[in-house]
Amino acid sequence: TQLLEQSPQFLSIQEGENLTVYCNSSSVFSSLQWYRQEPGEGPVLLVTVVTGGEVKKLKRLTFQFGDARKDSSLHITAAQPGDTGLYLCAGGKGYSTLTFGKGTMLLVSP
Amino acid sequence: SQTIHQWPATLVQPVGSPLSLECTVEGTSNPNLYWYRQAAGRGLQLLFYSVGIGQISSEVPQNLSASRPQDRQFILSSKKLLLSDSGFYLCAWGLTPLMSNEQFFGPGTRLTVL
């Protein structure tokens, strides 16, 4: 079974702080996605990374795929209350399916 | 642009009753379709996926079944619900040629079995 471990499980910070969340596995993935999910809604795709060492930026969010394509990180600069939500990573290794981590619940307080 | 719909949005059903959840996708052809269940607002468990009409792969043996009667329609069913079937059910679509395996989710159905 391919497992994706996300850490921390829960993070509570003040507005303006920086944070990093991690997604780790012992398996190699051909791609990795990050999603954000708000309560009662479906996950929304934030980014896809496919190349080892790849870095992508989405405004205040920076995503990195590990060189060996086994891990990834998400860094948020100057967090805002609107960043609150469940952050899920998902790895693709086959034809069509994804393996999801259990998520990091982020709470940003004003 | 592509959109994905799920209904109903919420459902409360007694134990032993049947279930039918529907998912439809607009704006694309031959999508891969997926059913997930999410418990307690955490990780997603893949239940079924389909790469074409009538083609269903089951990931977890359980009380549920899936069908794909049309290219862009995916249905999740049960003949007799169990308490353990409660949860948040998500439908997703993706495109086969994409090596990135990207999936796009619907709004979800909250199912409570009493």
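In this report, the structure presented in the accompanying data block is examined. These figures come from a predicted structure and were not determined experimentally.

1. Re the state of the cysteines
Following the criterion strictly, the structure yields two disulfides over all chains and no others. The side chain of Cys23 of chain A participates in a disulfide bridge whose partner is Cys89 of chain A; the two sulfur atoms lie 2.0 Å from each other. Linking Cys23 of chain A and Cys89 of chain A, the disulfide has an S-S dihedral of approximately 75° and is accordingly described as right-handed. Of this pair, Cys23 of chain A sits in strand β3 (residues 19-24) while Cys89 of chain A sits in strand β9 (residues 85-92), and the two are 66 residues apart along the sequence. The exposure class assigned to Cys89 of chain A is buried, which follows from its relative accessible area of 0%. A disulfide bridge connects Cys23 of chain B with Cys91 of chain B, and the sulfur atoms are separated by 2.0 Å. On the sign convention where negative means left-handed, the S-S torsion of about -75° between Cys23 of chain B and Cys91 of chain B marks this disulfide as left-handed. Residue Cys23 of chain B is found in strand β3 (residues 19-26), and its partner Cys91 of chain B is found in strand β9 (residues 87-94); the two are separated by 68 residues along the sequence. Take Cys23 of chain B and Cys91 of chain B: they sit in the same class, and that class is buried.

2. Quick look at the packing of aromatic side chains
Throughout the structure, instances matching the rule amount to nine aromatic pairs over all chains. Taken together, the aromatic side chains of Tyr35 and Phe100 of chain A together with Tyr34, Tyr36, Tyr49 and Phe105 of chain B make up a single cluster linked through ring pairs.

3. As for the side chain of Thr28 of chain B
On the secondary structure map, Thr28 of chain B appears in the loop between β3 and β4 (32-38). Residue Thr28 of chain B is classed as buried on the basis of its relative accessible area, which comes to 10%.

4. A word on the sheet that holds strand β7 (residues 65-70) of chain B
Residue and element names in this part refer to chain B. Within the open sheet, the four strands sit side by side as β1-β3-β8-β7. Their pairing is antiparallel. What marks the edges here is a single partner per strand, and that holds for β1 (3-7) and β7. Mean inter-strand twist for the sheet, computed between neighbouring axes without regard to direction, equals 20°.

5. A look at the nonpolar core
Formed by 22 residues in total, the largest nonpolar core has its most connected members in Leu19, Trp34, Leu74, Ile76 and Leu106 of chain A. Once residues lying within four places of it in the same chain are set aside, the contact partners of Leu106 of chain A are Leu11, Ile13, Leu19, Ile76, Asp83, Thr84, Gly85 and Tyr87 of chain A. Of all hydrophobic cores here, the second largest spans 20 residues; its members include Leu19, Val25, Leu47 and Cys91 of chain B.

So, how was this worked out
Residues numbered from 1 in each chain as written. Chains lettered and ligands numbered in written order. Predicted model: local features only at pLDDT ≥ 70, side-chain atom pairs only at ≥ 80, totals over all residues. Heavy atoms only, no water. Disulfide = S-S within 2.5 Å. Helix = DSSP H or I, 4+ residues; strand = E, 2+ residues; numbered from the N terminus. Buried < 20%, exposed > 50% of the residue type's maximum accessible area, 1.4 Å probe, protein only. Phe/Tyr/Trp six-rings, centres within 6.5 Å; stacked < 30°, edge-to-face > 60°. Pairing = 2+ DSSP bridges. Axes fitted to C-alpha atoms, helices over the stretch in contact; angles between N-to-C directions. Core = buried A, V, L, I, M, F, W, Y, C linked by side-chain atoms within 4.5 Å. Contact = heavy atoms within 4.5 Å.

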